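# Coordinate inspection notes
Chain by chain, the residues run as shown.
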Amino acid sequence: DAISVSNLAKIIGVASFEQKLQNLGIEYVSHDHLLNAEEASLIAMEYNLNPVVNSEAAIDLFSKPKPVDMSKYPLRSPVVAILGHVDHGKTTLLDTLRKSSVAAGEAGGITQHIGAFSVTLPSERTITFLDTPGHAAFSAMRARGAHVTDIVVLVVAADDGIMPQTLEAIKHAKDAGVPMIVAINKIDRHNANSQKVRESLLANGVELEEYGGETQSVEISGLTGQGLDQLEEAIITLAELSDLRAEVDIEAEGAVIESQMEKGKGYVATILVKRGTLKQGDIIVAGTTWCKVRMMTNEKSQIIKNALPSTPVKVIGWKELPVAGDEVFQATDEELAKIVVANRKLKSSREQQLKDLEVINEKRRQRKHELETERANSRNFKKEVWMFHQGLLKEYPMAVPHKQDIKEEKSLLDTNIRELNVVIKADVSGTSEAIIDALHGLGNKEVRVNIIDSGVGDITESDIHMANISKALVLGFNVKADKKVQLQARIDNVDMKFYEVIYHLLDEIKEQLSELLPPVV
Ligand code: GDP
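Looking up the protein in an unreviewed UniProt entry gives the name Translation initiation factor IF-2, mitochondrial, with the organism given as Rhizophagus irregularis. Looking at the Sequence similarities (unreviewed entry) heading of the UniProt record, one finds this comment for the protein: "Belongs to the TRAFAC class translation factor GTPase superfamily. Classic translation factor GTPase family. IF-2 subfamily." Check the Function (unreviewed entry) section of the UniProt entry for the protein; it says "One of the essential components for the initiation of protein synthesis. Protects formylmethionyl-tRNA from spontaneous hydrolysis and promotes its binding to the 30S ribosomal subunits. Also involved in the hydrolysis of GTP during the formation of the 70S ribosomal complex."

Structure follows, in structure tokens:
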């Protein structure tokens with residue numbers, strides 16, 4: 001457990017406690033210096049406070065302030081996302097770029113998809129490309145707070161021009177405040193018209209250099225590789241302009257680009273390092289899971305010991321699966337990682353509990369209100385009956401029906417629909433959903449299937465109970481019912497039907513529904 005000097009001062013409510021620190025033998029330290037629990041407690045006691053060491057403070061440890069002056073830190077490679085309309089050539093471009101790195105004489109085998117890859121140019125400069133094209137991935141990452149993209153390359157096919165997703169991509173880049181380069185693609189096509197593309201870009205608010213604006217445009221063919229050098233140059237130029245730098249000698253920070261379960265490796269996640277250096281053996285936290293970095297590999301499956309800023313690495317050693325877009329922070333040790341993860345889980349479960357409680361309370365309030373009205377009505381009714389008997393009222397009073405009665409009456413009144421109640425049990429949830437969908441499609445204005453309950457696994461006594469009280473039929477798909485359940489069904493007079501083929505089930509239900517139809521006279 002630890003807390004920064006400035007956070008502790010905030011909690012105590014003082015501007016600073018330099019003197020107290022010196023009393024403790026701690027010389028002047030910066031505001032983000034971390035005090036351990038013991039030091040913090042001693043200082044708190046100096047202010048006559050009764051310190052309770054609370055590990056929740058650990059969560060805040062991670063938000064390290066960004067230095068104001070970045071100029072003394074080393075340059076880092078730009079991280080590029082490729083956006084554009086479907087079929088305008090994003091995937092092809094990424095494939096060609098991926099190969100170009102190998103062609104440039106880099107050692108190593110075939111490039112694997114890990115969510116991002118780095119291309120080394122003849123000038124030794126490198127560019128990192130995120131290789132999940134598509135706006136959904138870009139937005140999802142941003143929504144989770146992972147700001148990893150430095151530059152957007154907007155791909156526009158020269159034979160097709162500006163399309164809806166082109167405009168969407170322009171909006172995404174603008175909203176994210178990420179500078180853009182336009183790649184006018186498929187320039188090898190005979191019907192390519194790059195001039196027309198430029199003009200319509202201008203008409204849509206993209207200020208190209210050719211027209212005195214700041215956005216570079218490059219003519220390329222992702223297929224033949226024509227113009228890719230110029231595209232890479234344009235990226236480097238823009239990166240230099242943006243002066244992308246990051247500290248190297250601090251604990252690692254980054255973002256999860258992709259994650260999955262891999263046979264023999266367990267949970268793996270591609271991390272893009274944003275600040276600091278990620279090393280083998282480091283302890284990192286992402287969302288509500290943590291990892292002791294057992295092994296890191298790059299996109300060529302080579303083992304990496306140190307990952308610098310802007311480097312994508314596949315990390316093995318996660319306790320649970322992290323989510324793409326989660327921010328990654330380094331913890332000093334396993335103990336801290338566990339505390340932070342536990343706190344975060346607790347926090348989110350508490351938030352969920354509060355939400356649930358709110359729903360429950362609302363229902364209770366409604367029910368209470370209903371009960372009060374019902375009681376008032378019934379008191380009034382009794383009073384009026386008494387008055388009637390006393391001759392004070394001419395007519396016998398009308399009872400106000402209870403809400404429950406009203407509902408039932410209403411449903412009897414405004415619908416003549418006859419329903420076949422069913423309880424569904426299937427071997428897997430996908431099947432049960434498919435059956436539910438199919439059954440919902442069977443009804444018409446007069447008859448329909450009403451699904452009382454559905455679930456996965458063998459039929460249980462509680463399914464029979466459910467079916468009994470709702471007069472439902474139990475449909476089992478690729479599941480069984482044991483002796484006890486069969487007995488219970490017989491006692492309760494509940495019908496169970498078993499199927500292995502969906503259309504057999506549907507045929508049977510259709511049959512039953514038609515039997516429900518009123519006789520034609
Ligand atoms: P995405 O949907 O944006 O990822 O587009 P794809 O990369 O899948 O490309 C769609 C189609 O356009 C494919 O048939 C590609 O072969 C073709 N294509 C992509 N780039 C070029 C190019 O530069 N020139 C030509 N002639 N065809 C291309």
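Right, picking up where we left off after that structure.
Of all the residues in helix α13 (residues 483-492), the buried ones are V485, A489 and D492. Seen from one end, α13 has its buried residues packed into an arc of 75°, which puts them on one side. Within α13, the exposed residues directed more than 90 degrees away from the buried face are K483, K484, R490 and I491. As for α13, its buried residues are in contact with α12 (461-469) and β20 (496-499). A positive backbone phi angle near 60° is found at N493, which sits one or two residues after α13.

To continue, consider the nonpolar core. Ranked by internal contacts, the top residues of the largest apolar core, which has 28 residues, are L130, V152, L154, M180, V182, L201 and V206. Of all the secondary structure elements, the ones that give two or more residues to this core are β3 (79-84), α5 (135-143), β6 (151-157), α6 (164-176), β7 (180-185), α7 (194-203) and β9 (253-262). Setting aside residues no more than four positions away along its own chain, V152 makes contact with A81, L83, F138, A173, V178, P179, M180 and I181. Within the second largest apolar cluster, 25 residues are counted, among which are F117, L121, V153 and L244.

The next subject is a nonpolar patch on the surface. Together, M261, Y267 and L321 make up a nonpolar patch on the protein surface, roughly 280 Å² of accessible area in all. Structurally, Y267 is set in strand β10 (residues 266-275).

You can see D131 is positioned in the loop between β5 (126-130) and α5. On the basis of relative accessible area, D131 is assigned to the buried category, the value being 4%. Within the structure, the side chain of D131 is placed 3.3 Å from the backbone nitrogen of A116, a separation counted as a polar contact. Excluding residues that lie within four positions of it along the chain, D131 makes contacts with L94, R98, H113, G115, A116 and F117.

Turning our eyes to something else, we now look at the pairing of β20. Pairing analysis gives four bridges linking strand β19 (residues 473-477) to β20, with the strands arranged parallel. Along β20, the bridge assignment pairs F477 with Y499. Note on the crossover from β19 through α13 to β20: the handedness is right-handed.

Strand pairing in a sheet takes place through backbone hydrogen bonds and is either antiparallel or parallel in direction. If you trace the four strands from one edge of the open sheet to the other, you get β18-β17-β19-β20, paired in parallel fashion. Here the strands that pair on one side only, and so sit at the sheet edges, are β18 (447-456) and β20. Neighbouring strand axes in the sheet, compared pairwise and without regard to direction, differ in orientation by 25° on average. The pairing of strand β17 (residues 418-426) with β18 spans nine bridges and is parallel. Its bridge partner being in β18, A426 is matched across the sheet by V456. Across the sheet, helix α11 (residues 429-440) touches β17, β18 and β19, and the angle it forms with β18 is around 170°.

Below, the discussion takes up the sheet that holds strand β8 (residues 217-219). In spatial order, the strands read β4-β5-β3-β6-β7-β8; together these six strands make up an open sheet with mixed pairing. In this open sheet, the two strands that pair with only one neighbour each are β4 (116-120) and β8. Going from strand to strand, the sheet's axes swing by 30° on average, the running direction of each strand aside. Relative to β5, β4 runs antiparallel, the two being bridged by five bridges. The residue of β5 that forms the bridge with F117 is F129.

Thresholds, definitions, all that
Residues numbered from 1 in each chain as written. Predicted model: local features only at pLDDT ≥ 70, side-chain atom pairs only at ≥ 80, totals over all residues. Heavy atoms only, no water. UniProt positions renumbered as here; feature names shortened; annotations may be inferred. Buried < 20%, exposed > 50% of the residue type's maximum accessible area, 1.4 Å probe, protein only. Helix = DSSP H or I, 4+ residues; strand = E, 2+ residues; numbered from the N terminus. Arc of directions from axis to C-beta. Contact = heavy atoms within 4.5 Å. Core = buried A, V, L, I, M, F, W, Y, C linked by side-chain atoms within 4.5 Å. Patch = residues over 30% accessible without salt bridge, like charges linked within 9 Å, V, L, I, M, F, W, Y side chains within 5 Å. Areas by Shrake-Rupley, 256 points an atom, 1.4 Å probe, with all protein chains shown as cover. Salt bridge = Lys/Arg side-chain N within 4 Å of Asp/Glu carboxyl O. Polar contact = N/O pair within 3.5 Å; in protein donor to acceptor, adjacent residues only side chain to side chain. Pairing = 2+ DSSP bridges. Right-handed = clockwise from strand over helix to strand, strands pointing away. Axes fitted to C-alpha atoms, helices over the stretch in contact; angles between N-to-C directions.

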